[in-house]
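A closer look at the structure
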Amino acid sequence: MSLKSGKGAHRAPSRLRSPHAIGALGAAVTAAVLATLVPATASTTDPDHDAGTDPAPVSSVPHPERDWMGSTIARHEKAGPGASLRATRAATVEGVDVSDHQGSVDWAALWDDNVRFAYVKATESTTYKNPSFSAQYNGSFQQGMIRGAYHFALPDRSSGTRQADFFVSNGGDWSDDGKTLPPVLDLEYNPYGATCFGLTASQIVDWIGDFTARVKERTGRQPVIYTATGWWKTCTGNSAAFAERNPLWLARYAATPGDLPAGWETHTLWQYTSTGPLVGDHNRFNGGLAGLKALATG
């Protein structure tokens, strides 16, 4: 009997109906699906994140241009009475801090307003470099100001050592020229989530220790620590571990500096307003111009 004739004739088994063929087809489909999923999964891995650390962020820094020194302070802490742009100006040295948020800065106008020093945001985490850094850093210097650089820290993204290396290599180095202020570590409320970056107080303290040690190793200077007392108490457990070696830059928008974090008996710098003339953020050095120059020379 022909295999092709008769209602009840036997037929050659279909290859697609073979259990082995079905299994092979399923494996092929699975492989194809996985091939499309793997790149998508890989693309959510943050290149800024240290492998093996926890928690692991799923994307790079979303809006670094909106993260500047004190950008989170006003949202979390109320300004005190008398925090006007002229209320705290006295016979000390006036300064400003800037980032790409300010763009082109009128340094001549600031100089005419008695501003004598400037800090410029250099980096954030290990993926962002301020595109305005060179213009701002050199512009303040050319105007005659003593200037320095700061790093906006994201301790949940990568180690303190890694962020310190990125910072020093991209503007945060120090020169013994009498016109360069020590590097600054900007520690404030997390702009992307949990106040303390999902870390414990001991983890935050360890991270700060790693960052400051690396900066000291590479630049020869202990970095200044910028922070608000409220954040410091909440996120470090009010640690006094850095008070003896790291100068304090206090953020408090009020007529007086107020309470200091544990261990520090005085502040070196004070960001007293975010609404000052021309650039917003204005600061005071706790001393005269000779003292500021001494800070620059180490």
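All of these numbers come straight from a predicted model, not from anything done at the bench.

1. Quick look at unusual backbone geometry
We note that S125 has phi near 50°; this positive angle belongs to a residue other than glycine. Counting through the fold element by element, S125 comes out in the loop between β2 (115–124) and β3 (128–129). Exposure remark for S125: the relative accessible area of 0% places this residue in the buried category. Phi at N238 takes a positive value of approximately 60°, unusual for a residue other than glycine. Tracing the sequence through the fold places N238 in the loop between α7 (229–236) and β7 (248–251).

2. A short note on α7
Within the span of α7, buried status applies to T229, W231, W232, C235 and T236. For α7, the arc enclosing every buried residue in end-on projection is 160°, short of the 170-degree limit, so these residues lie on one face. Among the structural elements, α6 (201–219), β6 (224–227) and β7 are those in contact with the buried residues of α7. Directly beyond the C-terminal end of α7, a positive phi value near 70° is found at G237.

3. Here's the deal with the packing of aromatic side chains
A full pass over the atoms with the stated rule returns nine aromatic pairs. Aromatic pair W232 and F242: ring centres 6.1 Å apart, planes at 80°, arrangement edge-to-face. Within this pair, whereas W232 is found in helix α7, its partner F242 is found in the loop between α7 and β7, the two being separated by 10 residues in sequence. Exposure remark for W232: the relative accessible area of 0% places this residue in the buried category. A relative accessible area of 2% places F242 in the buried class. Centroid distance W232 to W264: 5.5 Å. Interplanar angle 70°. Geometry classified as edge-to-face. On the criterion of sequence distance, the pair formed by W232 in helix α7 and W264 in the loop between β7 and β8 (269–276) is long-range, its members being 32 residues apart. Residue W264 is classed as buried on the basis of its relative accessible area of 8%. Of note, R116 hangs over the ring of W111, and the distance from its end group to the ring centre comes to 3.6 Å. When the ring centre of W174 is taken as origin, the NZ or CZ atom of R221, which lies over that ring, is 4.9 Å away.

4. Let's talk about the pairing of β7
Successive residues of a regular strand alternate their side chains across the two faces of the sheet. Of the two faces of β7, both are covered, the one formed by L248 and L250 as well as the one formed by W249 and A251. Where β7 and β8 come together, three bridges link them in parallel fashion. Residue pairing for β8: W249 is matched across the bridge by L269.

5. Points about the pattern of salt bridges
A complete count under the given rule lists five salt bridges for this structure. Note that E124 and K121 form a salt bridge whose closest N and O atoms lie 2.7 Å from each other. What makes E124 buried here is its relative accessible area of 0%. Judged by its relative accessible area of 1%, K121 falls in the buried class. Between D177 and R147 there is a salt bridge, with its nearest N and O atoms 3.9 Å apart. Of this pair, D177 sits in the loop between α5 (160–172) and β5 (184–186) while R147 sits in strand β4 (residues 146–152), placing them 30 residues apart in sequence. One salt-bridge network, in which partners are shared between bridges, spans D165, R214, E217 and R218.

6. Focus on the environment of L187
Looking at the secondary structure, you find L187 in the loop between β5 and α6. For L187, a relative accessible area of 1% corresponds to the buried category. For the pair formed by L187 and T227, sequence separation is 40 residues and the distance between their alpha carbons is 5.2 Å. For L187, the contacting residues outside a window of four places in its chain are A153, W207, I208, I225, Y226, T227, A228, W231 and W232.

7. Quick look at the confidence of the model for the protein
Taken over all residues, the pLDDT of the protein has a mean of 81, while the share at 70 or more is 73%. Counted against residues more than four places away or in other chains, residues 1–47, with its pLDDT under 50, gives 19 contacts. The low-confidence segment residues 51–59 (pLDDT under 50) makes 17 contacts with residues lying over four places distant or belonging to another chain.

What counts and what doesn't
- Residues numbered from 1 in each chain as written.
- Predicted model: local features only at pLDDT ≥ 70, side-chain atom pairs only at ≥ 80, totals over all residues.
- Heavy atoms only, no water.
- Helix = DSSP H or I, 4+ residues; strand = E, 2+ residues; numbered from the N terminus.
- Buried < 20%, exposed > 50% of the residue type's maximum accessible area, 1.4 Å probe, protein only.
- Arc of directions from axis to C-beta.
- Contact = heavy atoms within 4.5 Å.
- Phe/Tyr/Trp six-rings, centres within 6.5 Å; stacked < 30°, edge-to-face > 60°.
- Lys NZ or Arg CZ within 6 Å of the ring centre and 35° of its normal.
- Pairing = 2+ DSSP bridges.
- Salt bridge = Lys/Arg side-chain N within 4 Å of Asp/Glu carboxyl O.
- pLDDT = per-residue confidence, 0-100.

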